[in-house]
Amino acid sequence: MKWEGNRESSNVEDRRGSGGGGGGGFGLGGRSIGIGTVVLALIGWGVFGINPLTTIGVLSGGGSPAPTQQGPAKAPPANDQGAKFVSTVLASTEDVWSDIFTKGGAQYRAPRLVLFTGVTRTACGTGQSAMGPFYCPGDQKVYLDMDFFNTMSRQLGAPGEFARAYVVAHEVGHHVQNLLGISGKVDAMRGRISEREQNALSVRLELQADCYAGIWANHSQQAKSWLEQGDIESAVNAAQQIGDDKLQREATGTVRPDSFTHGSSAQRVRWFTQGYKTGSVQSCDTFQAGSL
């Protein structure tokens, strides 16, 4: 992926080394996390998803939003290559979605991306690294502990720069859903339908974010011609490695489709590929699709 030298986003906030957010948590803080715990946490909280606190906490009426970081946001160091990569990918998503929104007669509001380690405060509650990357609609920020990229490569079998770019693009896809009112409609159904039905809606939401990531890959390649041989394959492999069926089978030895919240490996690959091949938002309507 030929990303160096491209525009970097100014919407990156670096909280690494700031001591995190304190308070609350998901019962994993302070413990050494091995592969089994990581995979179980990813199954329980979702890989590449909306902050799980939106399903159980403040955004469904479970209390007041936690305060976000105080003081001015700090930019990453200029010589941090990992942060430069993430910032460059984020800038590309800004360009792509701004253009798509403008052509649709709307204005795109870019999210901020927060780099953190361990735990951090969000408008949705306290986020932890073991949750994987997530998006909080309450503050319209994407949260990422870049150590997750090492987990992807070494433990989940999903190496490659473009696999990492797919992670960022998927989270930005959730931001797009928020701006379009899609995630709000899904969240409004919580408590009004069964857990199985809610899981089914969550799957459609996640697969749509995968499709939106594919749209970004399509448009960014048209604009920059920055993909190299094997890049799309690395993103497809990442989608395959983090399917609910694969994660459940590896962690527990069994697969429970009714408990899926993100979709199977085949579904995630299909919808990312759909977005990449078509480049069309209309082609990503997973909620009207008869078959996923």
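Criteria and cut-off values
- Residues numbered from 1 in each chain as written.
- Predicted model: local features only at pLDDT ≥ 70, side-chain atom pairs only at ≥ 80, totals over all residues.
- Heavy atoms only, no water.
- UniProt positions renumbered as here; feature names shortened; annotations may be inferred.
- Helix = DSSP H or I, 4+ residues; strand = E, 2+ residues; numbered from the N terminus.
- Buried < 20%, exposed > 50% of the residue type's maximum accessible area, 1.4 Å probe, protein only.
- Contact = heavy atoms within 4.5 Å.
- Areas by Shrake-Rupley, 256 points an atom, 1.4 Å probe, with all protein chains shown as cover.
- Axes fitted to C-alpha atoms, helices over the stretch in contact; angles between N-to-C directions.
- Left-handed = near helix turned anticlockwise from the far one by under 90°.
- Nonpolar A, V, L, I, M, F, W, Y, C, P; charged D, E, K, R; others polar.
- Salt bridge = Lys/Arg side-chain N within 4 Å of Asp/Glu carboxyl O.
- Polar contact = N/O pair within 3.5 Å; in protein donor to acceptor, adjacent residues only side chain to side chain.
- Disulfide = S-S within 2.5 Å.
- Expected span 1.5 Å × (residues − 1).

Labelled according to an unreviewed UniProt entry, the protein appears under the name Zinc metallopeptidase, originating from Comamonas squillarum. Entered under Subcellular location (unreviewed entry) in the UniProt record, the comment concerning the protein runs "Membrane".

Draft legend 1. Here's a closer look at the overall build of the protein. Secondary structure summary: the protein contains ten helices and seven strands in total. Burial status across the protein gives 51% buried among its 292 residues. A separation threshold of at least 6 residues defines the contact pool for the protein, and within that pool the share at least 24 residues apart is 77%. Roughly 12500 Å² of accessible area belongs to the protein as shown, and the carbon and sulfur atoms make up 48% of that amount.

Draft legend 2. Broad picture of the packing of helix H8 (residues 231-241) against helix H10 (residues 265-278). Between H8 and H10, the shortest axis-to-axis distance is 7 Å and the interhelical angle comes to 145°. Viewed along their axes, H8 and H10 form a crossing whose handedness is right-handed. Here Ile232, Ala235, Val236, Ala239 and Gln240 of H8 come into contact with H10, specifically with Ser265, Arg268, Val269, Phe272, Thr273 and Tyr276. Partitioned by chemical class, the residues of the contact of H8 with H10 number seven nonpolar, three polar and one charged.

Draft legend 3. Focus on the environment of phenylalanine 134. Relative to the elements of secondary structure, phenylalanine 134 occurs in strand E6 (residues 134-136). For phenylalanine 134, a relative accessible area of 1% translates into the label buried. Sequence separation between phenylalanine 134 and glutamate 171 is 37 residues; the distance between their C-alpha atoms is 6.4 Å.

Draft legend 4. Structural detail: the pattern of salt bridges. Counted by the stated rule, this structure contains 14 salt bridges. Put simply, glutamate 13 and arginine 15 hold a salt bridge, and the shortest N to O gap is 2.8 Å. No difference in accessibility class separates glutamate 13 from arginine 15, as the two residues are buried. Note that glutamate 250 and lysine 246 form a salt bridge whose closest N and O atoms lie 2.3 Å from each other. Residue glutamate 250 and its partner lysine 246 are located together in helix H9 (residues 244-252), separated by four residues, close to a single helical turn.

Draft legend 5. Representation of the environment of serine 98 within the structure. Inspection of the secondary structure assignment puts serine 98 in helix H3 (residues 81-103). Residue serine 98 is classed as partly exposed on the basis of its relative accessible area of 28%. Between the C-alpha atoms of serine 98 and tyrosine 108, which are ten residues apart in sequence, the distance is 5.1 Å. Each residue touching serine 98, except ones within four places of it in the same chain, is listed here: Thr93 and Tyr108. Of the polar contacts made by the side chain of serine 98, one reaches the backbone oxygen of glutamate 94; its length is 2.7 Å.

Draft legend 6. Quick peek at unusual backbone geometry. Its identity is not glycine, yet glutamine 140 carries a phi of approximately 55°, on the positive side. Within the secondary structure layout, glutamine 140 lies in the loop between E6 and strand E7 (141-144). Accessibility expressed as a relative area gives 24% for glutamine 140, which makes it partly exposed. The backbone phi angle of serine 225 is positive, close to 50°, even though this residue is not glycine. With respect to the element layout, serine 225 can be found in the loop between helix H7 (195-224) and H8. Residue serine 225 is classed as partly exposed on the basis of its relative accessible area of 45%.

Draft legend 7. Spotlight on the state of the cysteines. Applying the stated criterion to the full structure yields two disulfides. Covalent S-S linkage joins cysteine 124 and cysteine 136, the inter-sulfur distance amounting to 2.0 Å. On the sign convention where negative is left-handed, the bridge of cysteine 124 and cysteine 136, at about 90° about the S-S bond, is right-handed. One end of the pair, cysteine 124, is in the loop between strand E4 (119-122) and strand E5 (125-128); the other, cysteine 136, is in strand E6, with twelve residues separating them in the sequence. Here the protein pairs its bonded cysteines, counted in sequence order, in the arrangement 1-2, 3-4.

Draft legend 8. Inspection of H7 at higher detail. Here H7 contains 30 residues, and its C-alpha end-to-end distance of 43 Å stays within 8% of the 44 Å for a straight helix at 1.5 Å per residue. Once H7 ends, the next one or two residues include serine 225, with phi positive near 50°.

Draft legend 9. Representation of the side chain of threonine 261 in the model. Note on placement: threonine 261 falls in the loop between H9 and H10. Within the local environment of threonine 261, its side chain forms a polar contact with the side chain of histidine 262, the two groups lying 2.9 Å apart.

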